[in-house]
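Overview (structure and organization)
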Amino acid sequence: MTIHWCGTGLSAIPGLRRLLQAGHDVAVWNRTIDKAQEAVGDLTKNIQAFDIDSLAAQVTAKDVIVSMLPGDWHVPLAELAIAKGAHFVSSSYIAPEMRALNDKARAAGVALVNEVGLDPGIDHLMAHALVDDYKASAAYDASNEISFISYCGGVPKIANDFRYKFSWSPLGVLKALRSPSRSIRDHKTLDTARPWDAISSYTAPLPTPESFEVYPNRDSLPFMQQYEFGDDWSVKNFVRGTLRLNGWTQAWDGVFKEVETLSGPEGDARLKDMSDQFWQDHSYDEGEPDRVVLCVDLKAEKDGAEVWHKSYVMDAWGDENGTAMARLVSVPVSLAIEAAMTGQITAGVHAAPSDPKLVANWMSEIDKLAQHLALTDQLA
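Quick caveat: nothing in here was measured; it's all calculated off a predicted structure. Residue positions are given per chain, counting from 1 as you read along its sequence in written order. Side-chain atom pairs in this predicted model are given and counted only at pLDDT of 80 or more, local residue features only at pLDDT of at least 70, and totals for whole chains, interfaces and linings cover all residues. Remark: hydrogens and water are excluded; side-chain values derive from all non-hydrogen atoms of the structure.

With that settled, the discussion passes to the side chain of asparagine 160. Working definition: helices are DSSP H or I runs of at least four residues, strands are E runs of at least two. Numbering for both runs from the N terminus. Along the chain, the position of asparagine 160 falls in the loop between β7 (145-156) and α8 (171-176). Think of it in three bands: with a 1.4 Å probe and only protein chains considered, a residue is buried below 20% of the maximum accessible area for its type, exposed above 50%, and partly exposed in between. By relative accessible area, asparagine 160 is classed as buried at 15%. In protein, a polar contact requires one atom able to donate a hydrogen and another able to accept it; more generally it is a pair of N or O atoms within 3.5 Å, and residues adjacent in sequence count only if both atoms are side-chain atoms. A distance of 3.0 Å separates a polar atom in the side chain of asparagine 160 from the backbone oxygen of tyrosine 164.

Here it is as structure tokens:
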């Protein structure tokens, strides 16, 4: 079984190196061979220029194709995996076109595993663990009011005036500012056109509690089913969102106002110009530590009183081995690859696993990647 790892960008390297150091048979594919050699050339000589036809000629049944390439490549590579009887892994959200491959993947007996990075990925594992814990508790009652939050953000370890720094092209962050979101607040669906319309404050339960600015992103509602909430549960609040340093809203006020005015090809061109300027002005310096904060919280209330309330919180930052973002994205990807290869993930399209044994195993590995990871009973 060969792992065909496609893409050696900044978020890919720690997980790739982990697989190579563990002795797996890995073929490394990248559009630029020199960059791949610089990243892992000390561990392998099996580095090739990425081309889907060349890749197709080498993939065989039971192999794993890994896409750490831009999102446009995920579905074509997943389709190639199905055709070859190979598994597929990516860290990205499951697009409708990916989900549509479920029946074909099951018929071929292959797993297409997605959403196994940081967010989405580690956040899913925490959510599954909390839901399982709650369901097994004496406090469980389908009539309880449930509140769930999941906030994740990459922020500078050393705060700057812009209250943010970029690990890679800012264009994705800028485009996300134009995206609407859906969440649940006080039992009602909250539709938000732009992130800055729903910014609030959240105090993370870190060893020294710390407040951040947070806002909902994407459509949170489908994740209630993914996290195996009961259809009969009374959901008071449910939000998956982004976390930023305090002062971010004020520092980015001019960005918000300009982004709001942009549309069409001219708007896209201006976003690209803004992205280039931000990369020049606000990218991480060589060796400068980044920071990742992730908080997932589940609370149950009965008659207005809390009866169950637990939180996961993770705080990680870059060190001499690289950025926190890179290891928290790519090492879980490597765990998913191993799980697919050993049959621990069934055929079909999947996000991060809910199986308690896999969740526990992965979380024990993730504990090694963060400087702080804790599960706290807020009622203890």
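Here the narrative resumes, following the displayed structure.
UniProt positions are given in the numbering used here, feature names are shortened, and annotations may be inferred rather than shown by experiment. In the numbering used here, UniProt assigns the feature "domain: Saccharopine dehydrogenase-like C-terminal" (unreviewed entry) to residues 117-367. Structurally, residues 117-367 is divided into 34% helix and 29% strand, and its ends, taken at the C-alpha atoms, are 14 Å apart.

Another point: the nonpolar core. Ranked by internal contacts, the top residues of the largest apolar core, which has 71 residues, are Trp5, Leu118, Phe229, Met314 and Ile337. Residue contributions to this core peak at eleven residues, all from helix α13 (residues 324-341). The criterion used for residue contact is that any of the two residues' heavy atoms lie within 4.5 Å. If near-sequence neighbours (up to four positions away) are discounted, isoleucine 337 is found in contact with Ile3, Trp5, Leu19, Val64, Val66 and Val89. With 25 residues, the next largest nonpolar core counts Leu55, Ile65, Ala78 and Phe88 among its residues. In these notes, a set of buried Ala, Val, Leu, Ile, Met, Phe, Trp, Tyr and Cys residues joined through side-chain atoms within 4.5 Å is what counts as a nonpolar core.

Stacked, edge-to-face and tilted labels apply to pairs of Phe, Tyr and Trp rings (six-membered ring for Trp) whose centres lie within 6.5 Å, assigned for plane angles under 30 degrees, over 60, and everything in between, in that order. Taken as a whole, this structure holds 26 aromatic pairs when the rule is applied. Aromatic pair phenylalanine 148 and phenylalanine 238: ring centres 4.8 Å apart, planes at 20 degrees, arrangement stacked. Separated by 90 residues along the polypeptide, phenylalanine 148 in strand β7 and phenylalanine 238 in strand β12 (residues 234-244) bring together distant segments of the chain. Grouping residues by exposure puts phenylalanine 148 and phenylalanine 238 together as buried. Ring-pair connections join several aromatic residues into one group, and the members of that group are Tyr93, Tyr134, Tyr140, Phe148, Phe223, Tyr227, Phe229, Trp233, Phe238 and Trp308. The lysine or arginine in question, lysine 157, covers the ring of tryptophan 317, its NZ or CZ lying 4.3 Å from the ring centre. Lysine and arginine charges are scored as sitting over a ring when NZ or CZ, respectively, is within 6 Å of the ring centre and within 35 degrees of the ring normal. Taking the ring centre of phenylalanine 223 as reference, the NZ or CZ of arginine 240 above it sits at 4.1 Å.

Here helix α1 (residues 13-21) has its buried residues at Ile13, Gly15, Leu16, Leu19 and Leu20. Down the axis of α1, the buried set is contained in an arc of 165 degrees. They therefore lie on one face. Looking at the buried residues of α1, the elements they touch are β1 (3-6), β2 (26-30), α2 (33-40) and α13. Looking one or two residues beyond α1, the residue adopting positive phi is glycine 23, at roughly 90 degrees. In this description, the arc belongs to the directions extending from the helix axis to the C-beta atoms.

Per the UniProt annotation, the sites labelled "domain: Saccharopine dehydrogenase NADP binding" (unreviewed entry) are residues 8-113. Secondary structure content for residues 8-113 is 43% helix and 18% strand, while the C-alpha to C-alpha distance between its ends is 19 Å.

Let's shift gears to the state of the cysteines. Disulfides are defined as pairs of cysteine sulfur atoms found within 2.5 Å of each other. What the rule picks out here adds up to zero disulfides. In this model cysteine 295 remains outside any disulfide bridge; the closest cysteine sulfur is found in cysteine 152, 8.7 Å from its own.

Here we come to the pairing of strand β11 (residues 210-216). Among the seven residues that make up β11, five are buried, leaving the element largely enclosed by the rest of the structure. Strand pairing is assigned whenever DSSP identifies at least 2 bridges connecting the two strands. The hairpin turn running from strand β10 (residues 200-204) into β11, its antiparallel successor, is five residues long. Here β11 runs beside β12; their pairing, made up of four bridges, is antiparallel. Directly across from valine 214, in β12, lies its bridge partner leucine 243.

Attention shifts here to the side chain of aspartate 315. Take aspartate 315: it is sitting in strand β14 (residues 305-317). At a separation of 2.9 Å, a polar atom in the side chain of aspartate 315 contacts the side chain of arginine 291. Look past the residues within four positions of aspartate 315 in its chain and what remains in contact with it is Leu206, Arg291, Val292, Val293, Ala370, Gln371 and His372.

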